[in-house]
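# Notes for the structure review
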Amino acid sequence: MSAEPTTPQDNTAPGTAATGTGFPELAPRERETLRHIAAGRTYLQTARHMGLSKHTVDAYLRRIRAKLGIYSTAELTRTAIALGL
């Protein structure tokens, strides 16, 4: 008889953070980008601070919007605050 390894059950919905916030999990660079934009920085300022092109910042924000179902910068800012960013 071989015992099968057990893993703890994850009761969170697919794609949501294990923190229980109800928000899909964002990659570290997506979270950093969201923090900069929520602080009022432009795409270019964010890109320079992160060492990226403004097109990459735009791509990160498109992914964030798609994951969170957000369409305005105001909603992004509100969500950033809710996430503690």
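The structure this text deals with has already been given above.
Presented here is a report on the structure given in the accompanying data block. Keep in mind it's a predicted model, so treat the numbers as computed, not measured.

Next up on the list: helix α2 (residues 43-50). Among the residues making up α2, those that are buried are Thr46, Ala47 and Met50. Buried residues of α2, viewed axially, fall in a sector of 100°; they line one side. What points out from α2, more than 90 degrees from its buried face, is the exposed set Arg48 and His49. Each element contacted by the buried residues of α2 is listed here: α1 (28-38) and α3 (54-68).

A word on α3. The first and last C-alpha atoms of α3 sit 21 Å apart over 15 residues, in line with the 21 Å expected at 1.5 Å per residue. Inspection of α3 places Val57, Tyr60, Leu61, Ile64, Arg65 and Leu68 among the buried residues, and these make up the whole buried set. The buried side chains of α3 occupy one side of the element, clustering within an arc of 135° when seen end-on. Among the exposed residues of α3, those oriented more than 90 degrees off its buried face are His55, Arg62 and Ala66. The inward-facing, buried residues of α3 contact α1, α2 and α4 (73-82). One or two positions beyond α3, positive phi appears at Gly69, with a value near 65°.

Note on placement: Arg62 falls in helix α3. Linking Arg62 and Glu30, residues 32 residues apart in sequence, is a C-alpha distance of 9.8 Å.

Our next topic: the environment of Ala39. Within the secondary structure, Ala39 is located in the loop between α1 and α2. Expressed as a C-alpha distance, the spacing of Ala39 and Ala80, which sit 41 residues apart in the sequence, is 9.2 Å.

Once that is clear, we can look at the nonpolar core. Among the nonpolar cores identified, the biggest contains 12 residues, and these are Leu26, Leu34, Ile37, Ala47, Val57, Leu61, Ile64, Leu68, Ile70, Leu76, Ala80 and Leu83. Elements supplying a minimum of two residues to this core: α1, α3 and α4. In terms of residue count, the dominant contributor to this core is α3 (four residues). Beyond its immediate chain neighbours, meaning those up to four positions away, Ile70 contacts Arg65, Glu75, Leu76 and Thr79.

Attention now goes to the packing of α2 against α3. Direction vectors running N to C along α2 and α3 enclose 105°, while the axes themselves pass 8 Å from each other. In terms of orientation, α2 lies roughly perpendicular with respect to α3. Counted together, Tyr43, Leu44, Thr46, Ala47 and Met50 of α2 and Lys54, Val57, Asp58, Tyr60, Leu61 and Arg65 of α3 form the full contact between these two elements.

Rules and cut-offs
Every chain is numbered on its own, with residues counted from 1 as its sequence reads. Per-residue local features are limited, in this predicted model, to residues with pLDDT of at least 70; the limit for side-chain atom pairs, both in listing and counting, is 80 or more; totals at the level of whole chains, interfaces and linings are taken over all residues. Where side-chain values are given, they derive from all heavy atoms of the structure, hydrogens and water being excluded. Buried, partly exposed and exposed residues are distinguished by accessible area as a fraction of the type maximum, computed with a 1.4 Å probe on protein chains only: under 20%, between the cut-offs, and over 50%, respectively. A run of H or I in DSSP becomes a helix once it reaches four residues, and a run of E becomes a strand once it reaches two; helices and strands are each numbered from the N terminus. It is the directions from the helix axis to the C-beta atoms that the arc portrays. The contact rule is simple, with two residues in contact once any of their heavy atoms fall within 4.5 Å. One less than the number of residues in a helix, times 1.5 Å, gives the span that helix is expected to have. We define the nonpolar core as a collection of buried residues of types Ala, Val, Leu, Ile, Met, Phe, Trp, Tyr and Cys that are connected through side-chain atoms lying within 4.5 Å of one another. A fitted line through C-alpha atoms represents every axis, and for helices the fit uses only the stretch in contact; the resulting angles, taken between N-to-C directions, go from 0 to 180 degrees. With respect to orientation, any angle under 35 degrees is reported as roughly parallel, any angle over 145 as roughly antiparallel, any angle of 65 to 115 as roughly perpendicular, and every other angle as oblique.

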